[in-house]
Amino acid sequence: MSTLTNRILGESKAMARVFEQVSRAAQLDRPILVVGERGTGKELIAARLHFLSRRWDQPYVKINCGAFSEGILESELFGHEAGAFTGATKRQLGRFERANGGSLFLDELGNLPLAAQERMLRVIEYGEFERVGGQQLIQIDARLIAATNEHLPNRVATGEFRGDLLDRLTFDVISLPPLRDRGHDVLQLAHHFGIRMAAELGLDGFPGWTPEAEASLLKIGRAHV
């Protein structure tokens with residue numbers, strides 16, 4: 001993704017406030033936390049933060065913290081040296097090194113194990129880390145953008161997430177509203193996906209939704225408020 005073509009759609013007041021906050025936050029070279037329910041567009045907002053920043057032409061690297069086991073996740077984030085563990089036949093660069101000069105997007109941040117949280121805290125504070133199985137300090141400059149659908153202060157209270165790390169990741173917090181709070185945005189999105197579906201089915205075009213269908217979509221949205 002080199003442009004904002006995969007943009008998040010929305011013209012509601014709620015999304016206008018989000019876009020304004022994103023435009024301001026993108027210019028600040030500090031960690032950003034994006035929070036919201038599943039399906040609210042956190043990954044698209046993270047990409048927007050990168051491509052509107054001064055790092056837009058540098059690497060944009062992503063990782064889903066919930067997609068790996070604890071040991072594998074540390075290797076994915078920080079890399080490893082040859083022989084660090086069984087099967088590590090050669091050195092591997094982690095996502096932090098690959099994002100050097102650019103941005104690293106950490107999705108599902110709440111799944112980050114405590115050991116990895118401690119390593120990450122060091123990266124944020126000093127801009128350095130060691131690969132798994134290594135002793136050489138690696139210096140990097142990567143902006144962190146994190147996202148979660150969990151209430152991290154609750155995880156701090158239960159000892160599952162470090163409070164000092166949360167403090168450093170929340171220089172600015174962008175909260176995404178659910179679709180049920182976005183009014184007629186549901187119709188814009190329905191039209192967008194209707195066009196896509198028509199193209200996938202090989203149809204000449206998308207005729208649009210009937211007034212009855214649009215009314216039903218809006219009614220469903222209001223019912224979930």
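Residues numbered from 1 in each chain as written. Predicted model: local features only at pLDDT ≥ 70, side-chain atom pairs only at ≥ 80, totals over all residues. Heavy atoms only, no water.

A.B. asks: Before we move on, can you summarise the packing of helix α1 (residues 13-26) against helix α2 (residues 42-51) with the specific residues and values?
C.D. replies: The N-to-C vectors of α1 and α2 enclose an angle of 40°; their axes lie 8 Å apart at closest approach. The angle between α1 and α2 places the two elements in the oblique class. Two packed elements cross with a definite hand, and for α1 against α2 that hand is right-handed. Touching V18, F19, V22, A25 and A26 of α1 are I45, R48 and L49, all from α2. Counted by class, the contact of α1 with α2 contains 7 nonpolar, no polar and 1 charged residues. (Axes fitted to C-alpha atoms, helices over the stretch in contact; angles between N-to-C directions. Helix = DSSP H or I, 4+ residues; strand = E, 2+ residues; numbered from the N terminus. Parallel < 35°, antiparallel > 145°, perpendicular 65-115°, else oblique. Left-handed = near helix turned anticlockwise from the far one by under 90°. Contact = heavy atoms within 4.5 Å. Nonpolar A, V, L, I, M, F, W, Y, C, P; charged D, E, K, R; others polar.)

A.B. asks: Break down the pairing of strand β7 (residues 172-175) for me, with residues and values.
C.D. replies: Judged by which residues are buried, β7 turns out to be one-sided: D172 and I174 face inward and are buried, whereas V173 and S175, on the alternate face, are not. Pairing between strand β1 (residues 32-35) and β7: 4 bridges, direction parallel. Following the sheet pairing, L33 is matched in β7 by V173. (Buried < 20%, exposed > 50% of the residue type's maximum accessible area, 1.4 Å probe, protein only. Pairing = 2+ DSSP bridges.)

A.B. asks: Give me α1: which residues, what numbers.
C.D. replies: With 14 residues, α1 extends 20 Å between its outermost C-alpha atoms, agreeing within 8% with the 20 Å of an ideal straight helix rising 1.5 Å per residue. Looking only at α1, the buried set comprises A14, M15, V18, F19, Q21, V22, A25 and A26. Seen from one end, α1 has its buried residues packed into an arc of 165°, which puts them on one side. Of the exposed residues in α1, those oriented more than 90 degrees away from the buried face are K13, R17 and R24. On the buried face of α1, the contacting elements are β1, α2, β6 (143-148), β7 and α8 (185-200). (Expected span 1.5 Å × (residues − 1). Arc of directions from axis to C-beta.)

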